[in-house]
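# Geometric and topological summary
Chain by chain, the residues run as shown.
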Amino acid sequence: MRIDPASPVPKYAQLRDLLLDWIEETQLSVDGAIPSERELGVRYGLSRMTVRQTIDHLVSEGKLYRVPGKGTFLARPKIEMSLRMASFTEDMRSRGFAPGAQDLARRVEAARGHVARMLDIDTGAPVHHIERLRTADGEPMAIERSNIPLSVAPGLAERSLSGRSLYQLLEDEYGLILDSGEQTIEAGLCDPTDARLLGLPPGSAVLLLQRRSFVNGKCVELAISTYRADRYQLHSTLDPRQ
Ligand code: GLP
């Protein structure tokens, strides 16, 4: 396949497709090197600037990564974000990663504004606020900020969460089996504090999740989370009857 100079598709975009095909056909392994910008320029008869534009795009999409002075390499595939009720622990285990959690903050505070409304409790009612850095095989993946009304899980503040699933704890100790939920996911930019925790440059793209989980129609958790957009992608199956 060659670059078609008569095509209305810009040359950098044609090169993008050619490069992705080449990666598939050669079954390039993760961390494998792609040809240098100079080689690609010669191979496809393109200027260095056009080649760089293509690679910049693929790097910003998270498909490739650069190592200064060494070259450009194939990145790991992104993790498909679960659109099920699964806990982080279950989700990571099902993908063969070891889940982890590092406590960032835990306190009981008075619910205000958005949190009170989303949990459907009175303003000022006490809530457990739990912030955790979630990891997969030790690598930071997300920051989860959970809010749980004190009334649904009294004494939760005294229970250790280290190495433990919050959902499992709610089930084992409070008999709370989550039976429905709703979730919104939107794109955002990472603030400097979260960026430092996630090991990302400030202002990196992230996915902002808000999940409300229910037991018998009562909202028991409002989680507001920041997920790395360079490691996650959304995937859903589509059914025309739904
Ligand atoms: C998911 C949900 C969070 C929830 C978490 C519990 O990531 N988005 O709302 O707090 O799972 O995970 P775990 O049970 O592993 O602590």
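Remember, it's a predicted structure, so these values are computed and weren't measured experimentally. (Residues numbered from 1 in each chain as written. Predicted model: local features only at pLDDT ≥ 70, side-chain atom pairs only at ≥ 80, totals over all residues. Heavy atoms only, no water.)

### Regarding empty space enclosed by the protein
Defined as follows: Here a cavity denotes grid points, spaced 1 Å and computed from the protein atoms alone, that fit a 1.4 Å probe unable to get out, and a pocket denotes an open set having protein on both sides within 12 Å along at least 5 of 7 lines; residues with an atom within 4 Å of a point are the lining. Grid points are joined across faces, edges and corners, and a volume is the space filled by probe spheres set on the points. Under the scheme used here, helices are H or I runs from DSSP no shorter than 4 residues and strands are E runs no shorter than 2 residues, and both carry numbers assigned from the N terminus. Each residue is assigned to one class: nonpolar for Ala, Val, Leu, Ile, Met, Phe, Trp, Tyr, Cys and Pro, charged for Asp, Glu, Lys and Arg, and polar for all the others, Gly among them.
Applying the stated criterion across every chain, the model contains one cavity of 30 Å³ or more. Within this model, the largest cavity holds a volume of roughly 310 Å³. Every residue lining the largest cavity is counted, 22 residues in all, and those nearest its centre are Ala-86, Phe-88, Glu-144, Arg-211 and Tyr-227. Among the elements of the structure, α4 (88-94), β5 (126-136), β6 (139-149), α6 (166-174), β8 (205-215) and β9 (218-228) are those that each provide at least two residues to the lining of the largest cavity. With four residues, β9 is the largest single contributor of residues to the lining of the largest cavity. Along the lines of polarity and charge, the residues of the lining of the largest cavity split into nine nonpolar, seven polar and six charged.

### Quick word on the packing of helix α1 (residues 11-25) against helix α3 (residues 48-60)
Defined as follows: Whenever a helix is involved, its axis is fitted only over the stretch in contact; in every case the axis is a line through C-alpha atoms, and angles between N-to-C directions fall within 0 to 180 degrees. When describing relative orientation, an angle under 35 degrees is termed roughly parallel and one over 145 degrees roughly antiparallel, while 65 to 115 degrees is termed roughly perpendicular and anything else oblique. Crossings are sorted by hand: turned counterclockwise from the far helix by less than a right angle, the near helix makes the crossing left-handed, and turned clockwise it makes it right-handed. Contact criterion: two residues are considered in contact whenever any of their non-hydrogen atoms come within 4.5 Å of each other.
Between α1 and α3, the shortest axis-to-axis distance is 9 Å and the interhelical angle comes to 60°. As judged from the angle between their axes, α1 and α3 are oblique. Like other packed secondary-structure pairs, α1 and α3 cross with a definite hand, here right-handed. Where α1 abuts α3, its residues Lys-11, Tyr-12, Leu-15, Arg-16, Leu-19 and Leu-20 lie against Thr-50, Val-51, Gln-53, Thr-54, His-57 and Leu-58. Split by residue class, the contact of α1 with α3 holds six nonpolar, four polar and two charged.

### Focus on the sheet that holds strand β4 (residues 99-110)
Rules: We treat two strands as partners when DSSP finds at least two bridges between them.
Strand order in the open sheet formed by six strands is β4-β5-β6-β9-β8-β7, with antiparallel pairing between adjacent strands. A strand with exactly one partner marks an edge of an open sheet, and here the two such strands are β4 and β7 (180-189). Pairwise comparison of adjacent strand axes, ignoring direction, gives a mean angle of 15° for this sheet. Bridging between β6 and β9 involves six bridges; their strand directions are antiparallel. Along β9, the bridge assignment pairs Ala-142 with Tyr-227.

### Remarks on the pattern of salt bridges
This is how the line gets drawn: We define a salt bridge as a contact between a side-chain nitrogen of Lys or Arg and a carboxyl oxygen of Asp or Glu at a distance within 4 Å. When a residue's accessible area, from a 1.4 Å probe over protein chains only, is under 20% of the maximum for its type it is buried; when over 50% it is exposed; and in between it is partly exposed.
This model, assessed by the stated rule, comprises 22 salt bridges. The partner of Asp-230 in a salt bridge is Arg-228, with the nearest N and O atoms 2.8 Å apart. Given a relative accessible area of 8%, Arg-228 falls into the buried group. When salt bridges that share partners are traced, they join Glu-37, Arg-48, Arg-52, Asp-56 and Arg-66 into one network.

### Points about the pairing of β8
Both faces of the sheet carry side chains from a regular strand, because those side chains alternate between them. Burial analysis of β8 places nine of its eleven residues in the buried class, which makes it a mostly covered element. Pairing of β7 with β8, which is carried by ten bridges, proceeds in the antiparallel orientation. Its bridge partner being in β8, Glu-182 is matched across the sheet by Arg-212. Where β8 and β9 come together, ten bridges link them in antiparallel fashion. Within β9, the residue paired with Gln-210 across the bridge is Ile-224. Here β8 hands over to β9 after two residues, with Asn-216 in that stretch at a positive phi of 50°.

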